[in-house]
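Now for the letters of each chain:
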Amino acid sequence: MSKQRTIRLDCGKSTSVMYVLGTELSIDLYTSSPPGSTSFEVRFSPGTKCSISSHGSVLSDQPKLWPIDRRTFLLVTVDIPSRDVNDKKITVTYFGKDATKPIDKMMLALTAVYISLDVDADRDGKIEKNNPNKASWSWGPDGHGAILLVNCDRDNLSASKPDNEDLAVNSFNDLKDMSRIILRTEGPESLTSGYKLHLSISASDNDKVNVFYHKHTSITSVLGPKKLSFAVDYAVGSSDYDFYVEALKFPDAGINPFVTINLNLLEPMTIGEAPIFTDRIVFRIAPWIMTPNTQAPLEVFVCRMFSDPRSPSSAGNEDFLREFQAFVQKARCKLTICPQHVNRGDRWIQDEIEFGYTEAPYKYLPVVLDSPRNRGLQDFPYQQILGIDFGHVTQNTSDVSSLDSFGNLEVSPPVTVNGKDYPFGRIIIGNAFPTTYGGRKMTKVVREFLHAQKVQSPIELYSDWLAVGHVDEFLSFVPAPDRKGFRLLLTCPDACLRLFTKLQQEGHGELKMFEGVSPNTIKINEILEDKKIVEDNAFVQECVNWNRDILKRELGLDEEDIIDIPGLFFMKSGHAKAYFPDMVNMIVLDKYLGIPKPFGPLINKKCPLESAVRSLLEPLGLHCYFIDDFSSYHLMLGEVHCGSNVRRKPFPLKWWNLKK
C-alpha cells in the first residue's frame, strides 16, 4: 500500500506540489467545494492516475461528471519522474444543478520525483532499488533486513585504537568494513530551491553507529555520537548520494541490536520546514560468534617462556615448545609464538583471549574477544592480533576472578535439542553452584555479552569446585565420524580408579607414577590405599556428574556421545587440583589431539593411562600425541589447552539464515 499524503486545495487557485513516486495524494473534494456544488469533473495530464475513493473508480482521460458528498476524495498517483517542474497538471471543476455551467475550479501542478534510501535488504551483496522489506528485519533463509558489522579492526596500523573508536575513515579498506547506503533521486533538471533531504537517527541509536557521507573525494562523519541529523541540499536531475555506516558496539545488555536510519524530504515553508515524505531502513548489528573444536584450525598460538633463576616457580617451556611445534607441524597448522617481552611472564594464552568472528554479506571479520583478566598478556591482543581485517572486542571490569579467564569459556559443536537446532553450537561457561552463596562466578558484563549475541545460547555449568575453576579442566569436544559428528570428553576419576584397581589386580601395584619428572613418585598401591584421595575423587566425580547431566539435557546428548577420560584430583582448601596432568585439557587440531602426558606407571615401556585414552579415541580416526607439560604448565595448575589457543575457520552457515 502506498504512503498517503493529504493535500488541501482552494478553489480559484493553482497549487504547486512536490510529489514523491510511490506515494498517494489524497484531496478532500467535498470540503474544498464551493457552495451549491453537486458534481465535479477531473481533467489530468498524461502519466497521472486519478481515482475517486467514494466510487472506487479509476478515472479515464475522458471527462465525466461525478456526484459529490462528504466521502468524496480524489486519489492521485504518478508512475514516472517529471522532466520539468510542474509538468503534471490536474484540474477539478465544480458544477451546480446546471451541469453545463461550472461554478468554480481548482488546479494542482505536480513535480514528480523519485526518492529512495536503499540498502542490501535481501542480503545478496547488492543494493537494489526501494526493496519493500528494507524497513524491517527477519531471520531465516527467506528472511530479510540489512546487516551491519562492528568495525572493530584497525586499518591504520599506526593508530592506537580500533576503527570503531574513532570518527575517521582511515583507508579504502576501512570503507570495506562498512555497509553502504545509497540515497537515490530522480527528477527534473531544474527544481525550486530550498528542498532538503534530511537523514536522522534516534538518540537511543546515536552511540551504536557512525555514518559517513562520501562526496567526491571527501568522506565526512554526519551521523553518530552527538550527531542525530544531517541535511543534504536536494540536487537536480538523477543523483546518487553515497553513505557508509559502521556499528560501534556489539549487541549487549541494554544495547538493542537494531538500528533505524530515517530519511525525510523537507519542504521550505514561510516559517521553518515541513516533512512531506519519509523513508527508512533498518539494520541488525552482527553478533560475535565463537568456533568449536570441530571447526578446522587456521592458526595456533602459544607463549615462549624462559626460566627465571630468581623465581624457582617460573619454569621455562623450551622443551614443551619443541614437542608442541612438532605436533602443530603434523597437523599442518600455522604456529604463532608470543615472545616473552610481549607476554611478560604470562603463559596462559587460553585464559587471555577467545577467537571468533563476525560476518555480514559484504564482509567476514575474525574478532578476538579479550578477557578482563588483564595480566601479563593484556597487551598481546592489541600488539599482535588487532590489525587490518582482524577485530578486537573486550568487556572491561575491575571485578574479576579466576572464572573470568577464558579457559572457562568453551563452545559445543552444532547440536539439535528437543527439535530445536543450534547450528553454531552452544557457549559453555562455569560458575558457582546455583545454591551456593559467595562462590566465584564469571563477571556479569561478560555473561551478559555472551547471552546478547543470541546465536549460541549459553549454558552455565558448575566449575567453582576446581581450584582454578575453568570448564576446560573437565570437558572437551573432539570430532567424530558418526552419531552427532563429535564426542564430549569428560574427566572421570571413577575410570581412573578402576584402571588402577585393574593394574593392581594384575600385579602392577608397586609401579610408580611420575618417574623421571618428579622426585615425588607414588605407587599405584599407595594411591588406592589413600583414603583421602579416594574420598576427594568421590566428591570430584559427583561434581562432574552434575555437569554431565546438564550437558546431556542442554546439548541433547546420549551416553554414547560421551567418553570418560581417566583423571585424578586432590582437594586443597576446599577446591580440586589435578593429581597428574589432566588429559581432558587438550588442544584439538582437526584429527590431531595434543594431550598432556600423564606420566603414569610404565608397563613394557607403555603408560596404561595413555593406552586407555588411545583405545577410546583412536577408533574415531583421531591421532593422539602426548606432550610433556609437567613442569612448564601442570605444576602451575594448567595444561596444554590452558597454554595454547586456536583460531578456526568460520561456520559455512550464515548466522542470518538461522531459523528462529
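Predicted model only: the values in this text are computed from it and were never measured.

## A look at the UniProt feature "domain: Protein-arginine deiminase (PAD) central" (unreviewed entry) in the protein chain
Turning to step 1, where the next piece is worked out: In the numbering used here, UniProt assigns the feature "domain: Protein-arginine deiminase (PAD) central" (unreviewed entry) to residues 113-267.
Turning to step 2, where the next piece is worked out: Split by type, residues 113-267 is 3% helix and 38% strand. Its first and last C-alpha atoms lie 13 Å apart.

## Thoughts on the sheet that holds strand β41 (residues 644-648)
Turning to step 1, where the next piece is worked out: Overall, mixed pairing links the 3 strands, which are arranged β22-β21-β41 in an open sheet. Looking at the sheet topology across the chains shown, the edges are occupied by β22 (334-338) and β41. In this sheet, neighbouring strand axes are inclined to one another by 20° on average, regardless of whether the strands run parallel or antiparallel.
Turning to step 2, where the next piece is worked out: Strands in contact with helix α2 (residues 318-330) are β21 (297-303), β22 and β41; relative to β21, the strand with the most contacts, it is inclined by about 175°.

## Some words on the side chain of E41
Turning to step 1, where the next piece is worked out: Considering the arrangement of structural elements, one finds E41 in strand β4 (residues 39-44).
Turning to step 2, where the next piece is worked out: For E41, a relative accessible area of 13% puts it in the buried group.
Turning to step 3, where the next piece is worked out: Within the structure, E41 has its side chain in polar contact with the side chain of R43 (distance 3.2 Å).
Turning to step 4, where the next piece is worked out: In this structure, E41 is in contact with P63, K64, L65, T91, V92, T93 and F95, ignoring residues within four places of it in sequence.

## Some remarks on the state of the cysteines
Turning to step 1, where the next piece is worked out: Scanning the entire structure with this criterion turns up 0 disulfides.
Turning to step 2, where the next piece is worked out: No disulfide involves C624; its sulfur sits 12 Å from the nearest other cysteine sulfur, which is in C607.
Turning to step 3, where the next piece is worked out: C642 takes part in no disulfide bond, and the closest cysteine sulfur, belonging to C303, lies 12 Å away.

## Structural notes on the pairing of strand β8 (residues 73-78)
Turning to step 1, where the next piece is worked out: With 5 of 6 residues buried, β8 is to be regarded as a mostly interior element.
Turning to step 2, where the next piece is worked out: Two strands pair when backbone bridges link them, and strand β3 (residues 23-28) and β8 are joined in this way by 4 bridges, in the antiparallel orientation. In the strand pairing of β8, S26 is matched with L75.
Turning to step 3, where the next piece is worked out: Relative to β8, strand β5 (residues 48-52) is paired through 5 bridges, and the arrangement is antiparallel. The residue of β8 that forms the bridge with T48 is V78.

## Description of the nonpolar core
What tends to happen in soluble globular proteins is that the nonpolar side chains get buried as a cluster.
Turning to step 1, where the next piece is worked out: Ranked by size, the top nonpolar core spans 54 residues in total, and within it I115, F243, I261, L265, F283 and L450 carry the most contacts.
Turning to step 2, where the next piece is worked out: Ranked by residue count, the leading element in this core is strand β19 (residues 273-285), at 5 residues.
Turning to step 3, where the next piece is worked out: Contact partners of L450, with chain neighbours within four places excluded, come to W288, L369, L409, I427, I429, M442 and P458.
Turning to step 4, where the next piece is worked out: Counting 37 residues, the second-largest nonpolar core is a separate cluster that includes M586, F599, C607 and L620.

## Some remarks on unusual backbone geometry
Only a minority of non-glycine residues have a phi that is not negative, and only a minority of peptide bonds are not trans.
Turning to step 1, where the next piece is worked out: One non-glycine residue with positive phi stands out, namely N374, at about 50°.
Turning to step 2, where the next piece is worked out: Overall, the relative accessible area of 36% leaves N374 in the partly exposed class.
Turning to step 3, where the next piece is worked out: Positive phi outside glycine occurs at N604, with the angle close to 55°.
Turning to step 4, where the next piece is worked out: You can see N604 is positioned in the loop between β39 (592-596) and α10 (608-617).
Turning to step 5, where the next piece is worked out: According to the relative accessible area criterion, N604 is exposed, its value standing at 73%.

Cut-off values and rules
Residues numbered from 1 in each chain as written. Predicted model: local features only at pLDDT ≥ 70, side-chain atom pairs only at ≥ 80, totals over all residues. Heavy atoms only, no water. UniProt positions renumbered as here; feature names shortened; annotations may be inferred. Helix = DSSP H or I, 4+ residues; strand = E, 2+ residues; numbered from the N terminus. Pairing = 2+ DSSP bridges. Axes fitted to C-alpha atoms, helices over the stretch in contact; angles between N-to-C directions. Contact = heavy atoms within 4.5 Å. Buried < 20%, exposed > 50% of the residue type's maximum accessible area, 1.4 Å probe, protein only. Polar contact = N/O pair within 3.5 Å; in protein donor to acceptor, adjacent residues only side chain to side chain. Disulfide = S-S within 2.5 Å. Core = buried A, V, L, I, M, F, W, Y, C linked by side-chain atoms within 4.5 Å.

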